[in-house]
Amino acid sequence: MSNHTVTNKPCLVTLEEGKKYAWCTCKRSKGQPFCDGSHKGTDHRPMVFKAEKSEDVLLCACKATRSGPYCDGSHNNLEDEYAEASPEEIKSMEGSVFVDQIDGKAVLDGGAYVMTPVETGDNVTGNLRYQPVITKEDGATKLSLHRLLVSPGTTPWLEYKDVDTVLYFVSGAGQVDIAGVLFDVNKEAGIYIKPGESFRIITDQDMVIYATACPMLTELTVSNGHNSSFDKNQVERYVAFDMATANVMANRFYQELVDTKVGSMEVTQFIGQIPKSRAAMHRHLYEEAIVILTGYGRMWTGTKYTDVKTGDVLFLPHRQGHSLECTDEGGMMLMGVFYPSGSPAINY
Ligand code: FES
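Residues numbered from 1 in each chain as written. Predicted model: local features only at pLDDT ≥ 70, side-chain atom pairs only at ≥ 80, totals over all residues. Heavy atoms only, no water.

Describing the sheet that holds strand β23 (residues 268–274)
Thought 1: Pairing is antiparallel across the open sheet formed by eight strands, whose spatial order is β6-β7-β28-β25-β30-β23-β22-β21. Looking at which strands have only one partner, the edges of the open sheet turn out to be β6 (105–107) and β21 (247–249). Taken pair by pair, the neighbouring strands of this sheet meet at an average axis angle of 20°, ignoring direction.
Thought 2: Inspection of the sheet shows β23 paired to strand β30 (residues 332–339) by seven bridges, in the antiparallel sense. Across the sheet, the residue bridging to Ile274 is Met332, located in β30. (Pairing = 2+ DSSP bridges. Helix = DSSP H or I, 4+ residues; strand = E, 2+ residues; numbered from the N terminus. Axes fitted to C-alpha atoms, helices over the stretch in contact; angles between N-to-C directions.)

Let's talk about the nonpolar core
Thought 1: By size, the foremost hydrophobic cluster in this structure holds 27 residues, and its most contacted members are Ile134, Leu145, Tyr210, Val291, Leu293, Val313 and Met335.
Thought 2: Of all elements in the fold, only β7 (113–115), β9 (128–134), β13 (164–171), β18 (207–214), β25 (287–294), β28 (313–316) and β30 reach the threshold of two or more residues within this core.
Thought 3: When residues in this core are grouped by element, the largest group, four residues, is from β30.
Thought 4: Both domains that furnish three or more residues to this core are identified here as domain 2 (87–112 + 240–339) and domain 3 (116–239).
Thought 5: When residues no more than four places from it in sequence are discounted, the contact partners of Ile134 are Tyr113, Ala140, Leu143, Ser144, Leu145, Ala289, Val313, Leu314 and Phe315.
Thought 6: Counting residues in each nonpolar core, the second largest holds 25 residues, with Leu167, Val176, Ile201 and Ile209 among its members. (Core = buried A, V, L, I, M, F, W, Y, C linked by side-chain atoms within 4.5 Å. Buried < 20%, exposed > 50% of the residue type's maximum accessible area, 1.4 Å probe, protein only. Domains from an automatic or database assignment. Contact = heavy atoms within 4.5 Å.)

Below, the structure is given as structure tokens:
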């Protein structure tokens, strides 16, 4: 069933395994996203497809997708401006309650939160300091996030047992040793580590790194040795930010870093830039962690809002309505990571 009102935004529908559907391609149907016969007399025909499994999906309503019948985020490029909050929407949220941080954390609607990592929360082992910033106790169900602070030297071996690991390098440079294979790494880049592989950081600088484990919530294990082996079937692991290959959406851009191209099938990591603006309230089907790399603003979630600034970590449960407002003239840069994998441009 879909309750879609006619807009370019995708339709959230529940598919039933084995059932056939006719997706409207002409945009004339009054029953979007499905065909109601209104294409009669045109060259258009519906796209008939069979659901492989029962699941909630976002079907394209703008008909500009290149992945029909599914939304691929193309609706964001159909207008000159990214979908920003309308004056009516801003007015409707005037009664929102400002939430201040308590013990470094501001909890918003639906368990979404903004937290500011502080070094007093760090565990210390050798040249590594680390602290969990998104965990099961925070309401996460699929992904966890640790902040790692590395000083010059070689860290112990690290591993999230049996899950995918994705690292993002906020600052500094060095090498990541994945089960005996070395990768040079720099800031504004990500790397993918497969389940069963241990890793360590080697550097002569101070580094700030965010580590995501997904799709199960497990502890970061620390040890002096390892007996894992590097999966040679997936040699490419490292992706650096490159403006030349970034996806431009109106006056903002994003680039997927770790995703299927480096073998990450479950989780997607991206880096994005947003100008001074306030996004329209929207939702994703995925659970997401965001780190504010530069800039400041506010996070709105319906009835509550709070401030965000460089270094803050945001947690968004799946389907939680939210709007990130950038109030910084210089714009805001952020890193996001989410499960299940896909495009950060897909929302409803
Ligand atoms: S009504 Fe659009 S394809 Fe049938």
